[in-house]
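Examining the three-dimensional arrangement
What follows is the residue order along each chain.
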Amino acid sequence: MPAFTVLNPATEEPVAEVEQATAAAADAAIARAVAAQAAWRAVPPGERAALLRAFADAVDAHIGELAELETAGSGHPAGQARWEAGNVRDVLRYYSAAPERLCGKQIPVPGGLDVTFHEPIGVVGVIVPWNFPMPILGWGVAPALAAGNPVIAKPAERTPLTAVRIGELALEAGLPEGVFQVLAGKGSVVGQRLIDHPDVRKIVFTGSSEVGREIMAGCARQVKRVTMELGGKSANIVFADADLEKAAATAPVAAFDNAGQDCCARSRILVQREVYDRFLELLEPAVKAVAVGDPAREGTEMGPLISAEHRAKVASYVPDGAPVAFRGSAPEGPGYWFPPTVLAPVRLDHPAWTEEVFGPVVAVVPFSSEAQAVAMANDTPYGLSGSVWTRDVGRAIRVARGVETGNLSVNSHSSVRYWTPFGGFKQSGLGRELGPDALDAFTETKNVFIATDE
Ligand code: TAP
């Protein structure tokens, strides 16, 4: 099998060689998943719950190891990487409660008894991007397994290390062979096979809108079920009556978390005109204070970008002469570094305002009225996340309802909490992950009518 060299984005040094699965290996994994399906579905709910809890415990026992792998292979700051591994554990625990609560309905009908069942869909393929290799894996895998489906996960080619290890931990925890498999390999090979193979019944895809559209088209040929979590260009709307100090102090983390390689990044900051200058004054020290550097060092808040190619793409949004208001720091020397960068003011047709940069670049623009702020926030094909800062409760609710995105935070920047649904409006996606209803995306409703006539 061909191999891929995983590089440490902070040093550009090799970390590991990972074998790339071929299309034939993908077919063999799909066959194993199909073979495991009937037995997994038949595992009594309490036992399936116990297996998921054992899987969560195994992840918990290896948080440090998983975090170190993510820091080395993806450049994530150590504290963030531990949180990410902990998120996999938490999501597994949350959905371990689901098998025993997967209740159907009894519907009143004439002439008999009508009941519904939530049947597993079948083999689920989970295609994961490189930006959050662990959490995004867990959001697809945990509810799919809980609902009784075998799962094949394909991590991004660049960031397979933690997914491969989590796959081993599942087996060590007692999940039967074939129930959860991780196949490292290329999207165009392994991912494509999951899409094309008729025995894979559902694809969960997280990644770019561009690739997502192709995958939807591929899945349409077999009317294959899809959940799509795609790009974003979210707005952080700051009204004049807001707690400006807090809004400015937290804006950097909302834009530069994971070096801006975050689908929920609030990369457009809209500030009411009368406080625009004051907000920028407060934002500057907050941006300059972001601790950028060696991700393995405790206290680092922002690491490098994932690759040289990606850094070149991010840099193209900040050409010479770009309206840079101020920047934070970044190390010199090896590593794919890019400093936190604030552009202001920018024209509304500037690519950094209209396109997903997926790097630590944020643009700040003034607005005059509430209606204008909502219109500007909605002037994008995306609709994933966003924040509203105001002390006026009525306005907070109006704006939160008016902005066309799947997730809004008022006076905070929280986006993804595993207890609540997550996903996008418009071209940011299709369907929802997480929250109490996630199993709906991994089951088919079956209606059974039983006649009671004599
Ligand atoms: P993509 O290039 O779209 O890749 C995502 C995944 O799809 C990778 O595993 C990739 O494999 C695979 N893939 C690529 N081409 C494929 C094909 N033809 N068939 C099947 N699979 C294929 O995205 P990315 O650059 O890794 O991630 C960044 C994007 O993800 C951003 O746009 C970001 O906003 C989005 N994102 C969205 C969310 C949510 S929750 N909405 C969360 C995180 C990221 P290879 O890597 O091997 O090519």
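Quick summary incoming for the structure in this document. (Residues numbered from 1 in each chain as written. Predicted model: local features only at pLDDT ≥ 70, side-chain atom pairs only at ≥ 80, totals over all residues. Heavy atoms only, no water.)

Re the state of the cysteines
All chains considered together, the criterion is met by 0 disulfides. For Cys264, which is in no disulfide, the shortest distance to another cysteine sulfur is to Cys263 and amounts to 4.1 Å. Its relative accessible area of 3% is what places Cys264 among the buried residues. (Disulfide = S-S within 2.5 Å. Buried < 20%, exposed > 50% of the residue type's maximum accessible area, 1.4 Å probe, protein only.)

Things to note about the sheet that holds strand 4 (residues 112–120)
Think of a sheet as strands paired side by side through backbone hydrogen bonds, with each pair either parallel or antiparallel. Within the open sheet, the 3 strands sit side by side as 3-4-18. Their pairing is antiparallel. Because the sheet does not close on itself, it has two edges, and the strands there are strand 3 (106–107) and strand 18 (443–451). With 9 bridges joining them, strand 4 and strand 18 adopt antiparallel strand pairing. Following the sheet pairing, Leu113 is matched in strand 18 by Ile450. (Pairing = 2+ DSSP bridges. Helix = DSSP H or I, 4+ residues; strand = E, 2+ residues; numbered from the N terminus.)

With respect to the packing of aromatic side chains
One pair of aromatic rings is described through two measures. These are the centre distance and the angle between the planes. The tally for this structure, following the rule as stated, stands at 7 aromatic pairs. Sitting over the face of the ring of Phe442, Lys202 holds its NZ or CZ atom 5.1 Å from the ring centroid. Between Arg268 and the ring centre of Trp353, over which it is positioned, the NZ or CZ distance is 5.5 Å. (Phe/Tyr/Trp six-rings, centres within 6.5 Å; stacked < 30°, edge-to-face > 60°. Lys NZ or Arg CZ within 6 Å of the ring centre and 35° of its normal.)

Structural notes on the side chain of Ser307
Mapped onto the secondary structure, Ser307 falls in the loop between helix 10 (276–288) and helix 11 (308–315). What makes Ser307 buried here is its relative accessible area of 4%. The contact partners of Ser307, leaving out residues within four places of it in the chain, are Arg158 and Tyr336. (Contact = heavy atoms within 4.5 Å.)

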